[in-house]
Amino acid sequence: METSDATGQETAVLDDGPADGLRIRVTGRPRAIQVTYPCEADASLGGVRAEALYIYRRDLRVEHEPLRYGFDAASP
């Protein structure tokens, strides 16, 4: 089992969705994680860009590292 470091960070794993299996470090056990992925645009309009947004919600049943965040297909 991993332990949190001196900065209060803990390891978390994202389950399902486009970031399935991604391991990240979180501080303060946030209830949700936002993941973005850049979308290709046919033409740039003055620096405008588009990104796909994905939400992962913390599995509150998991109390020890790695924390688990599950893909929320219904959001945003």
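Treat the numbers as computed from the prediction; the structure is a model and nothing was measured. (Residues numbered from 1 in each chain as written. Predicted model: local features only at pLDDT ≥ 70, side-chain atom pairs only at ≥ 80, totals over all residues. Heavy atoms only, no water.)

## A few points about the overall build of the protein chain
Rules: What counts as a helix is a DSSP run of H or I of at least four residues, what counts as a strand is a run of E of at least two, and both are numbered from the N terminus. Only protein chains enter the calculation, and the probe is 1.4 Å; a residue is then buried if its accessible area is under 20% of its type maximum, exposed if over 50%, and partly exposed in between. The criterion used for residue contact is that any of the two residues' heavy atoms lie within 4.5 Å.
Secondary structure assignment for the protein chain yields zero helices and five strands. Put simply, the protein chain runs from its N terminus to its C terminus through helices and strands in the order β-β-β-β-β. The principal-axis extents of the C-alpha atoms in the protein chain amount to approximately 45 × 30 × 20 Å. Within the protein chain, the fraction of its 76 residues that count as buried is 24%. Intrachain contacts of the protein chain at a sequence separation of at least 6 include 41% that bridge at least 24 residues.

## Observations regarding the environment of Gln 34
Summarising the element assignment, Gln 34 is placed in strand β3 (residues 32-39). Through-space distance from the C-alpha of Gln 34 to that of Tyr 54 is 5.8 Å; in sequence the pair is 20 residues apart. What Gln 34 contacts, discounting residues up to four positions off in sequence, is Leu 53, Tyr 54 and Ile 55.

## Re the sheet that holds strand β5 (residues 67-71)
Threshold: A pair of strands is treated as paired once DSSP finds two or more bridges between them. Fitting a line to C-alpha atoms yields each axis, with helices limited to the stretch in contact; the angle taken between N-to-C directions then spans 0 to 180 degrees.
Taken together, five strands build an open sheet; the order of strands is β2-β1-β5-β4-β3 and the sheet is mixed. Every other strand in the sheet has two partners, leaving β2 (23-27) and β3 as the edge strands with one partner each. Recorded for the sheet is a direction-independent mean angle of 40° between the axes of neighbouring strands. Pairing of strand β1 (residues 9-15) with β5 involves four bridges; the strand directions are parallel. Bridge pairing in β5 links Val 13 to Arg 68.

## Let's talk about the nonpolar core
Note the threshold: We call a set of buried Ala, Val, Leu, Ile, Met, Phe, Trp, Tyr and Cys residues a nonpolar core when their side-chain atoms join them within 4.5 Å.
Among the nonpolar cores identified, the biggest contains nine residues, and these are Ala 12, Leu 14, Ala 19, Val 26, Ile 33, Val 35, Tyr 56, Leu 67 and Tyr 69. Contributions of two or more residues to this core are made by β1, β3 and β5. In this structure, Val 35 is in contact with Leu 14, Ala 19, Ala 52, Leu 53, Tyr 54 and Tyr 56, ignoring residues within four places of it in sequence.

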